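Spelled out from the first residue to the last, the chains are:
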Amino acid sequence: MKAHEQTLAYLKTLGLQGVLQGLDEMINDAESRKVSYLTFLNAVFVAEIDFRIKRRVERNMTGAHFPVLKGLENFDFGRVKGIGKSEAVNLLDCRWIDTKENLLFFGPPGIGKTHLAIAFGRTAVEKGYKVCFERVTNLIKLLKTAEVQKSSEYRIRRIMKSDLIIIDEIGYTPIEKWEANLFFNMISELYEKVPLVVTSNKSFESWAEMMGDTVMTTALLDRLLHHARVFTLDGESYRIKKSRKEV
Ligand code: ADP
Ligand code: MG
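Here the structure is a predicted model, which means the values were calculated and not measured.

### A short note on the packing of aromatic side chains
At step 1: Under the defined criterion, the tally for this structure stands at eight aromatic pairs.
At step 2: Judged by centre distance (6.4 Å) and plane angle (80 degrees), the ring pair of Trp96 and Phe120 falls under edge-to-face. On the criterion of sequence distance, the pair formed by Trp96 in helix H5 (residues 95-98) and Phe120 in helix H6 (residues 113-126) is long-range, its members being 24 residues apart.
At step 3: Taking relative accessible area as the criterion, Trp96 reaches 1% and is therefore assigned buried.
At step 4: Of the residues examined, Phe120 reaches a relative accessible area of 1% and is grouped as buried.
At step 5: A ring pair is formed by Phe105 and Phe120, whose centres lie 6.1 Å apart and whose planes are at 10 degrees; its orientation type is stacked. A residue pair is termed long-range when its members are at least 10 positions apart, and Phe105 in strand E2 (residues 102-106) and Phe120 in helix H6 qualify at 15 residues.
At step 6: Residue Phe105 is classed as buried on the basis of its relative accessible area, which comes to 0%.
At step 7: The structure contains a cluster of three or more aromatic residues connected by ring pairs, namely Trp96, Phe105, Phe120 and Phe231.
At step 8: Over the ring of Tyr191 we find Arg223; its NZ or CZ atom is 6.0 Å from the centre of that ring.

Below, the structure written as structure tokens:
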């Protein structure tokens with residue numbers, strides 16, 4: 001077997017896909033620039049590390065379960081009150097994830113809450129964080145079925161091990177007291193360990209009504225609001241504005 005073929009076989013055996021993909025280019029580059037053995041060896045390692053980081057980000061992007069991908073670059077800050085562009089851009093550094101701060105977005109439907117939540121979550125994934133996105137109704141469904149359904153158990157386990165959890169659409173549908181209790185237990189477990197991004201169309205005051213338990217809702221809000229940045233958004237619904245334009 002020729003040396004080149006032998007190398008390819010070794011790389012396959014070791015599962016070094018990053019090196020495998022870039023090998024010829026790295027060899028040509030090293031030969032033309034006459035780099036030292038050590039420099040070449042380091043380039044080989046870097047190729048594999050970069051490949052693995054990229055693959056992990058791709059896997060985490062899929063595993064986050066974003067309903068669509070949105071970014072701040074196509075968010076029109078002129079339409080919405082309650083968050084400034086520079087403030088939002090600053091949040092892209094993800095420091096709030098390291099310091100375990102929550103971001104809470106409130107406001108009427110169509111104002112861009114989910115768009116912003118996805119934009120921050122997506123950037124976090126690109127920076128190497130593990131993120132999970134769930135609508136609250138689905139999250140509760142997962143919690144209810146985790147004991148009997150493997151896929152739910154698996155998802156809940158991934159959620160609990162994330163670096164950031166996005167819980168979307170709290171308040172659109174009322175939840176039963178025992179479901180709210182499951183949700184509360186989860187939030188308690190995550191408290192000060194995993195930061196959350198939460199979106200809701202209901203003000204804090206309406207949460208108790210929606211969850212059917214004032215004491216528990218107060219305790220829930222207490223945990224969410226401790227170390228949190230709250231954005232109360234306002235403006236005209238983007239969806240309505242768009243459909244009006246189309247009509
Ligand atoms: P909400 O979660 O507040 O109900 P969404 O984030 O789902 O609203 O926004 C509804 C639609 O309008 C989405 O397609 C979103 O991308 C778009 N949208 C909302 N606000 C803006 C904005 N300020 N700039 C650009 N697109 C927006
Ligand atoms: Mg939404």
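Next, the rest of the story.
### Remarks on the packing of helix H2 (residues 17-33) against helix H3 (residues 37-63)
At step 1: Direction vectors running N to C along H2 and H3 enclose 145 degrees, while the axes themselves pass 9 Å from each other. As for the relative orientation of H2 and H3, their crossing is right-handed in sense. Facing H2, whose interface residues are Gln17, Gly18, Val19, Gln21, Met26, Ile27 and Ala30, H3 presents Phe40, Ala43, Val44, Ala47, Glu48, Phe51 and Arg55.
At step 2: When its residues are assigned to classes, the contact of H2 with H3 shows nine nonpolar, three polar and two charged.

### Examining the side chain of Asp168
At step 1: The topology assignment puts Asp168 in strand E4 (residues 164-170).
At step 2: The side chain of Asp168 is buried and forms no salt bridge, while Arg135, the nearest opposite charge, is found at 4.5 Å.
At step 3: Within the structure, Asp168 has its side chain in polar contact with the side chain of Thr114 (distance 3.0 Å).
At step 4: In this structure the side chain of Asp168 is engaged in a polar contact, spanning 2.4 Å, whose partner is the side chain of Thr199.

### Details of the site of ligand 1
At step 1: In the neighbourhood of ligand 1, 15 residues make up the surrounding shell, with Asp76, Gly110, Lys113, Thr114 and His115 lying closest.
At step 2: The separation between an oxygen atom of ligand 1 and a polar side-chain atom of Lys70 is 2.8 Å.
At step 3: For ligand 1, an oxygen atom lies 2.8 Å from a polar atom in the side chain of Lys113.
At step 4: Its free accessible area being 550 Å², ligand 1 has 87% of it covered by the protein chains.
At step 5: Here ligand 1 is seated within the largest pocket.
At step 6: Elements that contribute at least two residues to the shell around ligand 1 include exactly H6 and helix H12 (238-246).
At step 7: Classifying every residue of the shell around ligand 1 gives six nonpolar, five polar and four charged.

### A short note on empty space enclosed by the protein
Where empty space is left becomes clear once a probe the size of a water molecule has been rolled over the atoms.
At step 1: Under the counting rule described, the total for this entry stands at one cavity of 30 Å³ or more.
At step 2: Computed from the structure, the largest cavity encloses a volume of approximately 90 Å³.
At step 3: Asn102, Tyr191, Glu192, Val194 and Arg223 are the residues nearest the centre of the largest cavity, which is lined by 13 residues in total.
At step 4: Sorting the residues of the lining of the largest cavity by element identifies helix H9 (177-190) and helix H11 (214-225) as the ones contributing at least two each.
At step 5: Of the residues contributing to the lining of the largest cavity, the split by class is seven nonpolar, three polar and three charged.

Rules and cut-offs
- Residues numbered from 1 in each chain as written.
- Chains lettered and ligands numbered in written order.
- Predicted model: local features only at pLDDT ≥ 70, side-chain atom pairs only at ≥ 80, totals over all residues.
- Heavy atoms only, no water.
- Phe/Tyr/Trp six-rings, centres within 6.5 Å; stacked < 30°, edge-to-face > 60°.
- Helix = DSSP H or I, 4+ residues; strand = E, 2+ residues; numbered from the N terminus.
- Buried < 20%, exposed > 50% of the residue type's maximum accessible area, 1.4 Å probe, protein only.
- Lys NZ or Arg CZ within 6 Å of the ring centre and 35° of its normal.
- Axes fitted to C-alpha atoms, helices over the stretch in contact; angles between N-to-C directions.
- Left-handed = near helix turned anticlockwise from the far one by under 90°.
- Contact = heavy atoms within 4.5 Å.
- Nonpolar A, V, L, I, M, F, W, Y, C, P; charged D, E, K, R; others polar.
- Lys, Arg positive; Asp, Glu negative; His and termini not counted.
- Salt bridge = Lys/Arg side-chain N within 4 Å of Asp/Glu carboxyl O.
- Polar contact = N/O pair within 3.5 Å; in protein donor to acceptor, adjacent residues only side chain to side chain.
- Near = heavy atom within 4 Å.
- Areas by Shrake-Rupley, 256 points an atom, 1.4 Å probe, with all protein chains shown as cover.
- 1 Å grid on protein atoms, 1.4 Å probe; cavity = no way out; pocket = protein on both sides within 12 Å on 5 of 7 lines; lining within 4 Å.
- Sits in = over half its atoms within 2 Å of the grid points.
- Points joined across faces, edges and corners; volume = space filled by probe spheres on them.

Remember that the coordinates give geometry; whether it matters functionally is a separate question.
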